[in-house]
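Tertiary structure, described
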Amino acid sequence: MSQKKIIGRREIISILDLELFDLDAKVDTGADSNSLHCDDIFIDDEKFVHFTLLDEIHPAYHGKKMRMPLYKLKRVKSSNGIVQSRASIKVDILFFGKKYKTVVSLTNRSDMKYPMLIGRKFLSERFLVDVSQEYLTKTK
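Residues numbered from 1 in each chain as written. Predicted model: local features only at pLDDT ≥ 70, side-chain atom pairs only at ≥ 80, totals over all residues. Heavy atoms only, no water.

1. Remarks on the side chain of arginine 86
Mapped onto the fold, arginine 86 is located in strand 9 (residues 83-95). By relative accessible area, arginine 86 is classed as buried at 9%. Polar side-chain contacts of arginine 86 include one of 3.4 Å to the side chain of serine 105. (Helix = DSSP H or I, 4+ residues; strand = E, 2+ residues; numbered from the N terminus. Buried < 20%, exposed > 50% of the residue type's maximum accessible area, 1.4 Å probe, protein only. Polar contact = N/O pair within 3.5 Å; in protein donor to acceptor, adjacent residues only side chain to side chain.)

This is the structure:
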């Protein structure tokens, strides 16, 4: 069995395909999947997802309009209990100095403090969460 890395309740993550670097992320073992804040989300007839990465509060956001292949459209129950249909994309991320391929659902998280949420599907078999710690990626 390989040793799992210990991470904190908040960490830094980069989404390479979206050119989003050093993004603050909340580690949420209660969430099933990853989610990312973006605006103007729509799916075209060719099954591509269009969205804007613009948020004045989060400095990593660069305002670019993005177009990515749709990975899946799925129903997700948000933290407030409302079920939404969300587009998801498959991206390369950089986390703790290692590159991973993962799925991220796109949603408007403007009312949330952290633009990225890391869910348990990504964490499983890789990481252990120490809730008394945060930003352990900065010390590595």
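From this point, the discussion proceeds with the structure in view.
2. Overview of the pairing of strand 9
Two strands pair when backbone bridges link them, and strand 2 (residues 10-15) and strand 9 are joined in this way by two bridges, in the antiparallel orientation. Within strand 9, the residue paired with isoleucine 15 across the bridge is isoleucine 93. Sheet topology places strand 8 (residues 72-77) next to strand 9; six bridges connect them, and they run antiparallel. Along strand 9, the bridge assignment pairs arginine 75 with serine 85. Hairpin connection of strand 8 to strand 9: five residues between the antiparallel strands, including glycine 81 at a positive phi of 90 degrees. Relative to strand 10 (residues 98-107), strand 9 runs antiparallel, the two being bridged by eight bridges. In the sheet register, leucine 94 faces strand 10, and the bridge partner there is lysine 99. If you look at the hairpin formed by strand 9 and strand 10, you'll find two residues sitting between the two strands, and phenylalanine 96 has a positive phi there, around 55 degrees. (Pairing = 2+ DSSP bridges.)

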